[in-house]
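Examining the three-dimensional arrangement
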Amino acid sequence: MKNLLINFVDWYLETNEGKTANYFAEFFKSDREIFIVDLLEYAVEFAMAYGYNPFLAGKGNIIPFASRLESDLYRNDTSFAAFSKKRHNDMPQALLGKKNYLTFLHGLDTEKATAESLKKPLPRNQATNVYHYGREELRKNFAFRLITQDRYYEFLYFPVSVLKKLFYYHDRRAFFNNWIDRQIDNIAVYTGQSDKLLFKDVNTLDINDDGSVLINGKFRLHTPVAGKDAKEEISTNTLQNIVIDHVVPFGKVLFEWKEQLPALQVIHNVLENINNGRISNNEDLKNAGNYLVSNVEFNSRELDNLEEDLNMILSEIQLQLMDRYENLYKKKF
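We now turn to the structure provided with this report. Since the model is a prediction, treat every value here as computed from it, not as a measurement. (Residues numbered from 1 in each chain as written. Predicted model: local features only at pLDDT ≥ 70, side-chain atom pairs only at ≥ 80, totals over all residues. Heavy atoms only, no water.)

Our next topic: the overall build of the chain. When helices and strands are counted, the chain shows 16 helices and 14 strands. The buried share of the chain, reckoned over its 333 residues, is 46%. In the chain, the share of contacts with a sequence separation of at least 24, taken over all contacts with a separation of at least 6, comes to 68%. Approximately 17,700 Å² of the chain is accessible, and the part contributed by carbon and sulfur atoms is 48%. In the chain, the 41 positive side-chain charges and the 46 negative ones have mean positions that sit 4 Å from each other. (Helix = DSSP H or I, 4+ residues; strand = E, 2+ residues; numbered from the N terminus. Buried < 20%, exposed > 50% of the residue type's maximum accessible area, 1.4 Å probe, protein only. Contact = heavy atoms within 4.5 Å. Areas by Shrake-Rupley, 256 points an atom, 1.4 Å probe, with all protein chains shown as cover. Lys, Arg positive; Asp, Glu negative; His and termini not counted. Charge placed at Lys NZ, Arg CZ, Asp CG, Glu CD.)

For the rest of this paragraph, the subject is the side chain of E45. Tracing the backbone through its elements, the reader meets E45 in helix α3 (residues 32-50). Setting aside residues no more than four positions away along its own chain, E45 makes contact with F80, F83 and K332.

Here D171, not a glycine, exhibits a phi torsion of approximately 60°, which is positive. Summarising the element assignment, D171 is placed in the loop between α10 (160-169) and α11 (173-185). Residue class for D171 comes out exposed when judged on its relative accessible area of 71%. The phi angle at N276 is positive, at roughly 55°, despite the residue not being glycine. Among the secondary structure elements, N276 is positioned in the loop between α13 (262-275) and α14 (282-295). Note on N276: relative accessible area 74%, which makes it exposed.

Turning next to the pattern of salt bridges. Tallying each qualifying case throughout the model produces 13 salt bridges. Notably, a salt bridge pairs R75 with D77, separated by 3.4 Å at the nearest N-O pair. The partly exposed category is assigned to R75, whose relative accessible area is 37%. By sharing partners, the salt bridges in this structure join E136, R139, D181 and D185 into a single network. (Salt bridge = Lys/Arg side-chain N within 4 Å of Asp/Glu carboxyl O.)

Let us look at the pairing of strand β13 (residues 242-246). Burial analysis of β13 places five of its five residues in the buried class, the great majority of the element. Alignment of β13 against strand β14 (residues 319-323), held across five bridges, turns out to be antiparallel. In the sheet register, V243 faces β14, and the bridge partner there is M322. (Pairing = 2+ DSSP bridges.)

For L95, the location among the structural elements is in helix α6 (residues 91-96). Looking at L95, the relative accessible area reads 0%, which means it is buried. Separated by 103 residues in sequence, L95 and L198 place their C-alpha atoms 39 Å apart. Here L95 is in contact with F8, Y12, Y23, F28, F35, L39, Y42, N100 and Y101, once residues within four sequence places are set aside.

Take I317: it is sitting in the loop between α15 (300-316) and β14. It is 9.5 Å that separates the C-alpha atoms of I317 and L254, two residues lying 63 residues apart in sequence.

Our focus in this paragraph is the packing of aromatic side chains. Considering all chains together, one arrives at 27 aromatic pairs under this definition. Plain terms: the ring middles of F80 and F83 are 6.0 Å apart, the flat faces sit at 45° to each other, and that makes the pair tilted. Of the two residues, F80 and F83 both sit in helix α5 (residues 79-86), three residues apart, roughly one turn of that helix. Owing to a relative accessible area of 12%, F83 belongs among the buried residues under this scheme. (Phe/Tyr/Trp six-rings, centres within 6.5 Å; stacked < 30°, edge-to-face > 60°.)

Our next topic: α10. Buried residues of α10: V160, V162, L163, L166 and F167, and no others. Here the buried residues of α10 occupy an arc of 150° about the axis, which is enough to place them on one side. Residues of α10 that are buried make contact with α9 (135-146), β5 (157-158), α11, α13, α14 and α15. Just beyond α10, the residue with positive phi is D171, at close to 60°. (Arc of directions from axis to C-beta.)

Across soluble globular proteins, you tend to see nonpolar side chains buried next to one another. Formed by 57 residues in total, the largest nonpolar core has its most connected members in F158, L163, W179, L205, L264, L292 and I313. The contacts of W179, once residues within four sequence positions are left out, are F158, V160, L310, N311 and L314. Membership of the second largest hydrophobic core comes to 39 residues, among which are F24, V44, L95 and A226. (Core = buried A, V, L, I, M, F, W, Y, C linked by side-chain atoms within 4.5 Å.)

Another point: the environment of K231. Here K231 lies in strand β12 (residues 231-233). By relative accessible area, K231 is classed as buried at 14%. Along the sequence, K231 and S30 sit 201 residues apart, while their C-alpha atoms lie 34 Å from each other. In contact with K231, other than residues within four places in its own chain, are Y190, G192, Q193, H222, T223, P224 and V225.

In terms of residue burial, β14 counts as a mostly covered element, since five of its five residues are buried. Residues of β14 alternate between two faces, with L319, L321 and D323 on one and Q320 and M322 on the opposite face, all of them buried.

Written as C-alpha cells, this is what we have:
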C-alpha cells in the first residue's frame, strides 16, 4: 500500500491550483502544511464513513480503487456527505472528486512506460534514501513540537511556551531543558507489532522514496493503529507526518491530577486575571504570558513548586511516535 496524499498535494499545486477553484489561496492561506492537515482530516472523516483511507491505494489496483472511491464519494446519505456540506460548501468532496483527486488517480493509471524504456535494464543498487535525520536533529525537532503545544483547558491551562520563558527568566533553564529531554528520551518508537525502542536508543531515522521509514538503518518504523490493538508500518514522505502522541490523552491526565498541581493552578489564575477573562487562543496567551514573565514576581519556593508540578505530570504521561493520519483518526474513538 502507498500513501498518495503528498503525491496528490504536489500534483494539485502544480497542475490545478489557479486553473479551477482557487482553494489553496482562499481556504488554506497558500500554506502547504495547512492544506495537508486539512486533507488528513478529510481522510479521517472518509474512513469513518466508508472504512478505508482514500489516500491508501494498492499498487497496480488504481482503477478499481478509484471506481470504488467515486461511488462512495458521491453518496448523499453518509456521515462524510454531511461533514463535506459543512466545510465550505462541499469542498472536501470537491477536492477528492472528479476534477481533483479522482483525476490524479486516473492519471497514475495512464502513466505507461514506452517500448524503448522497457528495453533498458533496471538500475541496480540505487540509494533510495530521501531524508536522513540524526538523533540531535530529531531531538531539536521534537523539542520544538513539545514547547509549542500550549493547552487551553477550561479547568486548567498548560501554557508550556510561557513556562519555558518563566524558567529561563529565573535562571532555571537547566531544569526546563532537562524536563523536555526526559520526555523525548522516553518516547516509544515501535519497530514491529510488539517490538519497540525508546528514543534514547535511536541514532538515525531515514525516510525513503518508497515511503518506508527506517530506524537505526534496519528497523521499519511502525505506528499504532487507531481503534485497534495493532501496529503497522508507517508510509510517509515527510517527518511532519510522524507525530508525538500521548498514549493517554494529555487532557485526561491533566484533569485527573489537577488537584495535585497547585502551582500550575496559580499560573492559570494569573493568566486569566491579566487577560481579564478566559484565554482561548495563541495571541491572548502570548500577550498575557509576556506580561506574567516580565511583571509578576515568583519567589524561589513558588518556582520549586512549579518544578514539582511539572515532574508529577512527567511521571504520568506516556509518549509514542505515531502516523499523523492514525493520530487524527484516534480522536474519533
